Amino acid sequence: MNKVLIIIPAYNEAGNIERVVDNIITNFPQYDYVVVNDGSSDDTRKVCRRRGYNLLDLPINVGLAGAIQSGMKYANYYGYDYAIQLDGDGQHLPEYVEDMFKKMQKTDCDIVIGSRFKTERKPFTMRMIGSQLLTYSIYITTKGKYIGDVTSGMRLFNKSMIKRFGYKINYGPEPDTLAYLINCGVKVEEVQVQMQERIAGTSYLNLGNSIKYMIQMFFGILVFQWFRERE
């Protein structure tokens, strides 16, 4: 039987983490999970300890890329065949893991993205306009690979990708990494999913951070990826 690990990166998610983990424990016991507490300054760690959750407790905040890398190293160490990222804010729904897993099995791909826009259109907002521009940037630089939801953090990885994201540098779970990987021959597919809004806490992507993020991603896709050695 294939071993699937759900990696839950959590930074200041004390208001959400119980709902996320309890849902997995109660309704999806076929999947193992690990919460990666990314040096939270709130009570995320205390909540996880009190509830006895499976926890990787990072002593400092290393950012999403570092938290995912830690989760991938955990997955590799314990011999998991697949790992999937579900964010600690409750946005990602574990009922779609099976669909994503079936897609990976059917297409023999390396990464499956849980996409809000595989079969549905993007709303006309500033954030979605930025997302679409990133989509087109990847489309152009990969010679025709269209990824509708480039910023989705809901991603399923096979064993090969577990090793890459766990032990290679500059493998952040971001759109520029997707462009680079596709140009390295990695196969990426999407599955339509629905996502929820966070109930508690606030996202770090305020207006200023969103603009900074988009600029970084454009440079990563259009410029920097060409200076990375192809693997």
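Residues numbered from 1 in each chain as written. Predicted model: local features only at pLDDT ≥ 70, side-chain atom pairs only at ≥ 80, totals over all residues. Heavy atoms only, no water.

K.L.:
Which parts of the structure should I look at to understand the sheet that holds strand S7 (residues 188-192)?
P.N.:
Two modes of strand pairing occur in sheets, parallel and antiparallel, and in both the strands are linked by backbone hydrogen bonds. Strands sit in the order S3-S2-S1-S4-S6-S5-S7 across an open sheet of 7 strands; the sheet is mixed. The two strands at the open ends of the sheet, each matched to only one other strand, are strand S3 (55-58) and S7. Averaged over all adjacent pairs, the angle separating strand axes in this sheet is 20 degrees, with direction ignored. Each of strand S1 (4-10) and strand S2 (32-38) touches helix H1 (residues 17-27); the most contacted strand, S1, lies at about 170 degrees to it. Lying on the sheet, helix H7 (residues 175-183) is in contact with strand S5 (111-115), strand S6 (155-157) and S7; it crosses S5 at an angle near 140 degrees. (Pairing = 2+ DSSP bridges. Helix = DSSP H or I, 4+ residues; strand = E, 2+ residues; numbered from the N terminus. Axes fitted to C-alpha atoms, helices over the stretch in contact; angles between N-to-C directions. Contact = heavy atoms within 4.5 Å.)

K.L.:
What's the story with the packing of aromatic side chains in this structure? I'm lost.
P.N.:
The description of an aromatic ring pair uses the distance of the two centres, along with the angle that the planes make with each other. Evaluated as defined, the whole model comprises 8 aromatic pairs. Here the aromatic residues Phe157, Phe165, Tyr171 and Tyr180 are joined through ring pairs into a cluster of three or more. Positioned above the aromatic ring of Tyr80 is the side chain of Lys3, whose terminal nitrogen or guanidinium carbon lies 4.7 Å from the ring centre. Sitting over the face of the ring of Tyr171, Arg228 holds its NZ or CZ atom 5.5 Å from the ring centroid. (Phe/Tyr/Trp six-rings, centres within 6.5 Å; stacked < 30°, edge-to-face > 60°. Lys NZ or Arg CZ within 6 Å of the ring centre and 35° of its normal.)

K.L.:
Hey, could you run me through the pattern of salt bridges in this one?
P.N.:
It is possible for side chains of opposite charge to pair when their charged atoms get near one another. Enumeration according to the criterion identifies 7 salt bridges in this entry. Among the ionic pairs, Arg51 bridges to Asp22, the shortest N-O distance being 3.0 Å. Taken as a pair, Arg51 in helix H2 (residues 44-51) and Asp22 in helix H1 lie far apart in primary sequence, 29 residues in all. With relative accessibility at 35%, the residue Arg51 sits in the partly exposed group. (Salt bridge = Lys/Arg side-chain N within 4 Å of Asp/Glu carboxyl O. Buried < 20%, exposed > 50% of the residue type's maximum accessible area, 1.4 Å probe, protein only.)

K.L.:
So what exactly am I meant to see when it comes to a nonpolar patch on the surface here?
P.N.:
On the surface, Phe124, Met126, Ile129, Leu133, Tyr136, Tyr139, Ile140 and Tyr146 cluster together into a nonpolar patch covering about 940 Å² of accessible area. If you trace the backbone, Met126 turns up in helix H5 (residues 126-141). (Patch = residues over 30% accessible without salt bridge, like charges linked within 9 Å, V, L, I, M, F, W, Y side chains within 5 Å. Areas by Shrake-Rupley, 256 points an atom, 1.4 Å probe, with all protein chains shown as cover.)

K.L.:
What am I meant to see in the packing of H5 against H7 here?
P.N.:
A packed helix pair is summarised by two numbers, namely the angle formed by the two axes and the spacing between the axes. Where H5 contacts H7, the two axes come as close as 10 Å, and the packing angle between them is 20 degrees. One finds that H5 runs roughly parallel with respect to H7. Along this stretch, H5 crosses H7, giving a crossing that reads as right-handed. Contacts between H5 and H7 involve Leu134, Ile138 and Thr141 from the first element and Pro175, Ala179, Ile182 and Asn183 from the second. (Parallel < 35°, antiparallel > 145°, perpendicular 65-115°, else oblique. Left-handed = near helix turned anticlockwise from the far one by under 90°.)

K.L.:
Looking at this structure, I do not really get the environment of Tyr74. What am I missing?
P.N.:
Along the chain, Tyr74 falls in helix H3 (residues 63-77). Residue classification places Tyr74 among the buried residues on the basis of a relative accessible area of 17%. Within the structure, the side chain of Tyr74 is placed 2.9 Å from the side chain of Asn54, a separation counted as a polar contact. (Polar contact = N/O pair within 3.5 Å; in protein donor to acceptor, adjacent residues only side chain to side chain.)

K.L.:
Can you walk me through the nonpolar core in this structure?
P.N.:
Soluble globular proteins tend to bury their nonpolar side chains together. Counting 35 residues, the largest nonpolar core has Ile7, Met72, Ile111, Ile147, Phe165, Leu181 and Val188 as the members making the most contacts within it. Among residues more than four places away in sequence, those in contact with Phe165 are Gln69, Met72, Ile111, Phe157, Tyr171, Gly172, Pro173, Thr177 and Leu181. Counting 31 residues, the second largest nonpolar core, distinct from the first, contains Cys48, Met104, Val112 and Leu156. (Core = buried A, V, L, I, M, F, W, Y, C linked by side-chain atoms within 4.5 Å.)

K.L.:
Just checking my understanding: could you explain the side chain of Ser115 for this structure?
P.N.:
Among the structural elements, Ser115 can be located in strand S5. Using a relative accessible area of 0% as the deciding quantity, one classes Ser115 as buried. Only 3.1 Å separates the side chain of Ser115 from the backbone nitrogen of Lys118, close enough to count as a polar contact. Here the side chain of Ser115 touches Glu190 through a polar contact of 2.9 Å, side chain to side chain. Not counting residues within four places of it along the chain, the set of residues in contact with Ser115 comprises Asp149, Glu190, Val191, Gln192 and Val193.

Treat this as a map of the structure, not an account of what it does.
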